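So the chains spell out like this:
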Amino acid sequence: MGLVVMSERELNRIEVLSDVVQGRMSAVAAASVLGLSRRQVHRLLKTFQADGPAAIRHKARGRPSNNRIDPAVREFALTLIRERYADFGPTFAAEKLAEDHGLKVSRETLRKWMQDAGIWLSRKQRRTFHQPRRRRDCYGELVQIDGSDHAWFEERGPACTLLAFVDDATSTLMHLEFVASESTFSYFGALERYLAAHGRPVAFYSDKHSVFRVAKQGAKSGHGMTQFGRALNDLNIEILCANSSQAKGRVERANRTLQDRLVKELRLAGVCDMAAGNAILPRFLARHNAKFAKAPLRADNLHRPLNMEPERLREILCFRDERYVTRQLAFSYERQRIILAENDITRALPGKYVDTYEFPDGRFEVRWKGVSLPYSVFDKDQRVSHAAITENKHLSAVLEYIKAEQDKAPPKKRRAGKQRTRYEPTGRRNDGWNSLAARQAKARAAAPPE
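Residues numbered from 1 in each chain as written. Predicted model: local features only at pLDDT ≥ 70, side-chain atom pairs only at ≥ 80, totals over all residues. Heavy atoms only, no water.

Draft legend 1. Representation of the sheet that holds strand 3 (residues 173-179). The 5 strands lie next to each other as 3-2-1-4-5, forming an open sheet whose pairing is mixed. The strands lining the two open edges of the sheet, one partner per strand, are strand 3 and strand 5 (238-241). For this sheet, the mean inter-axis angle between neighbouring strands, taken without regard to orientation, is 20°. In terms of strand pairing, strand 2 (residues 160-167) meets strand 3 through 6 bridges, oriented antiparallel. Its bridge partner lying in strand 3, Thr161 is registered against Val179. Contacts from helix 8 (residues 184-198) reach strand 1 (143-150), strand 2, strand 3 and strand 4 (203-206) within the one sheet, and its direction differs from that of strand 3 by about 150°. (Pairing = 2+ DSSP bridges. Helix = DSSP H or I, 4+ residues; strand = E, 2+ residues; numbered from the N terminus. Axes fitted to C-alpha atoms, helices over the stretch in contact; angles between N-to-C directions. Contact = heavy atoms within 4.5 Å.)

Draft legend 2. The packing of helix 1 (residues 8-21) against helix 3 (residues 38-51), seen in detail. For the pair helix 1 and helix 3, the least separation of the axes is 10 Å and the interaxial angle reads 85°. Here helix 1 lies roughly perpendicular to helix 3, going by the angle between them. Contacts between helix 1 and helix 3 involve Arg13, Ile14, Leu17, Ser18, Val20 and Val21 from the first element and Val41, Leu44, Leu45, Phe48 and Gln49 from the second. Looking at the contact of helix 1 with helix 3 residue by residue, the classes come out as 8 nonpolar, 2 polar and 1 charged. (Parallel < 35°, antiparallel > 145°, perpendicular 65-115°, else oblique. Nonpolar A, V, L, I, M, F, W, Y, C, P; charged D, E, K, R; others polar.)

Draft legend 3. Focus on the pattern of salt bridges. Considering all chains together, one arrives at 28 salt bridges under this definition. A salt bridge links Glu108 to Arg111; the nearest nitrogen and oxygen atoms lie 3.2 Å apart. Here the residue Glu108 and the residue Arg111 both occupy positions in helix 6 (residues 107-116), the gap between them amounting to 3 residues, near one helical turn. Under the relative-accessibility criterion, Glu108 is labelled partly exposed at 45%. Between Glu342 and Arg347 there is a salt bridge, with its nearest N and O atoms 3.3 Å apart. Given a relative accessible area of 58%, Glu342 falls into the exposed group. The network of salt bridges with shared partners includes Arg312, Glu315, Asp361, Arg363, Glu365 and Arg367. (Salt bridge = Lys/Arg side-chain N within 4 Å of Asp/Glu carboxyl O. Buried < 20%, exposed > 50% of the residue type's maximum accessible area, 1.4 Å probe, protein only.)

Draft legend 4. Structural context of the pairing of strand 4. Along strand 4, one buried face is formed by Ala203 and Tyr205 and the opposite face, lined by Phe204 and Ser206, is buried too. Where strand 1 lies against strand 4, 2 bridges are found, and the strand directions are parallel. Paired with Gln144 across the bridge in strand 4 is Tyr205. Where strand 4 meets strand 5, 4 bridges bridge the pair, whose relative direction is parallel. Counted as the bridge partner of Phe204 is Ile239 from strand 5.

Draft legend 5. Molecular detail of the sheet that holds strand 8 (residues 336-340). The strand order across the open sheet built from 3 strands is 7-8-12, with neighbouring strands paired in antiparallel fashion. Sheet topology places strand 7 (330-333) and strand 12 (375-377) at the edges, where each strand pairs with a single neighbour. Between one strand axis and the next, the sheet turns through 30° on average, direction left out of account. Here strand 8 pairs with strand 12 via 3 bridges, running antiparallel. Note that in strand 12 the partner of Leu340 across the bridge is Tyr375.

Draft legend 6. Representation of helix 8. With 15 residues, helix 8 extends 21 Å from end C-alpha to end C-alpha; this agrees with the ideal 21 Å at 1.5 Å per step. Just downstream of helix 8, Gly199 is the residue with a positive phi angle, here 100°. (Expected span 1.5 Å × (residues − 1).)

Draft legend 7. Quick peek at the pairing of strand 3. Burial analysis of strand 3 places 7 of its 7 residues in the buried class, which makes it a mostly covered element. If you look at the hairpin formed by strand 2 and strand 3, you'll find 5 residues sitting between the two strands, and Ser171 has a positive phi there, around 60°.

Draft legend 8. Geometry of the nonpolar core. Core analysis: the biggest nonpolar cluster contains 25 residues, and Phe165, Leu191, Leu195, Phe204, Phe228, Leu235 and Leu317 have the highest contact counts within it. Contributing elements (two or more residues each) for this core: strand 1, strand 2, strand 3, helix 8, helix 9 (227-234) and helix 12 (310-316). It is helix 8 that provides the largest number of residues to this core, a total of 6 residues. Sequence-distant contacts of Leu191, defined by excluding residues within four places in its chain, comprise Phe165, Phe204, Phe228, Leu232, Leu235 and Leu317. Core analysis: the next-biggest nonpolar cluster, separate from the first, contains 20 residues, Phe153, Val166, Leu176 and Val271 among them. (Core = buried A, V, L, I, M, F, W, Y, C linked by side-chain atoms within 4.5 Å.)

Draft legend 9. Summary view of helix 10 (residues 249-269). Its 21 residues give helix 10 an end-to-end C-alpha distance of 29 Å, which sits within 8% of 30 Å, the value for a rise of 1.5 Å per residue. For helix 10, the complete set of buried residues consists of Gly249, Arg250, Val251, Ala254, Asn255, Leu258, Leu262, Val263 and Leu266. Just downstream of helix 10 lies Gly270, where phi reads positive at about 70°.

Following this line, the structure appears as structure tokens:
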């Protein structure tokens with residue numbers, strides 16, 4: 001006789017029944033131990049004595065279940081899933097099978113079928129592991145940049161964003177700056193101060209924020225790069241975008257450290273606004289780098305000197321665009337109508353594109369082949385409208401501005417529409433005196449006889 005597979009409950013029954021057979025236990029005690037009736041114990045004893053311990057095993061062991069789903073149904077369901085719902089999860093696939101094909105299968109049964117067939121992987125099986133990336137060899141070869149929106153001043157001041165520049169080779173904090181929000185002009189200002197202090201690195205490493213990367217690469221308009229990317233291209237600096245936050249873990253871990261240590265330093269110093277916070281950041285940088293910075297693998301400094309006039313740098317670090325000039329010597333810009341003054345140069349511009357320069361200090365210039373053109377603004381409405389599209393990382397700053405504007409003056413009263421005269425009843429009842437039939441009868445009575 002070969003091996004007999006039994007469960008723990010069946011082995012326990014054999015042990016108790018053996019004690020009953022050998023007289024060490026009564027049938028009543030065995031029924032209490034096994035949780036069975038005395039009659040059931042006597043039935044098991046009869047089977048045990050007649051056929052041996054193997055007879056105690058459940059008779060349905062090794063046989064297919066009586067409640068099993070027909071294998072043909074399983075194959076039909078898996079065939080439908082492979083053809084139509086290959087990328088569906090078990091829950092959604094079970095709903096579609098029931099709605100569109102009248103095939104009702106529980107989601108857990110379908111999940112097991114899909115896993116056995118290799119169509120579906122569990123969350124644990126789908127989990128990916130990010131391998132650590134080796135640091136760059138040289139200082140200034142790759143600088144990671146990121147913005148951290150946080151309550152840096154706790155309850156003492158409004159939330160703001162900290163821009164952080166971290167060298168990949170040494171984990172050195174190259175530049176820190178508090179700004180209102182993570183915007184293009186904020187990065188322009190921080191980049192200008194970084195270049196003045198360190199020079200031009202080989203490349204910056206960032207996330208896929210709209211400041212650094214064009215979301216729709218195949219757009220017909222635009223030049224395939226953002227304003228920040230265009231400025232870096234003019235400065236001969238490369239911009240690389242990470243596919244995940246783990247890829248730029250150096251700056252992400254630095255942000256977590258700053259959200260712990262810097263917040264406490266600001267609290268001890270009693271800082272409650274961005275200006276005071278930016279004033280103490282250089283001292284914090286020196287202490288932080290002395291403690292946490294690493295030595296690079298190679299001693300080369302790959303930062304290059306800027307070698308650029310300040311005016312030329314300001315023209316690079318601004319918002320530049322092109323606008324089509326109409327026959328009226330006008331074009332639209334940021335919900336405004338810009339009208340060019342008529343002169344010898346502008347008369348030839350209808351149908352052509354002019355260059356626009358918007359500087360961080362609010363100045364706006366229109367140029368044609370480097371020549372500044374005079375203009376006037378037809379509509380200067382700069383109010384934030386309810387329909388304005390606001391990015392998530394700008395939302396805090398925009399809401400602070402809106403609240404400040406609302407506190408200045410109460411909202412203007414606006415008419416809801418055309419005001420109608422309110423009806424006032426006269427108390428007279430309409431008995432049909434002016435109906436069509438009444439008017440016709442009145443006309444026939446007034447007509448002369450024929």
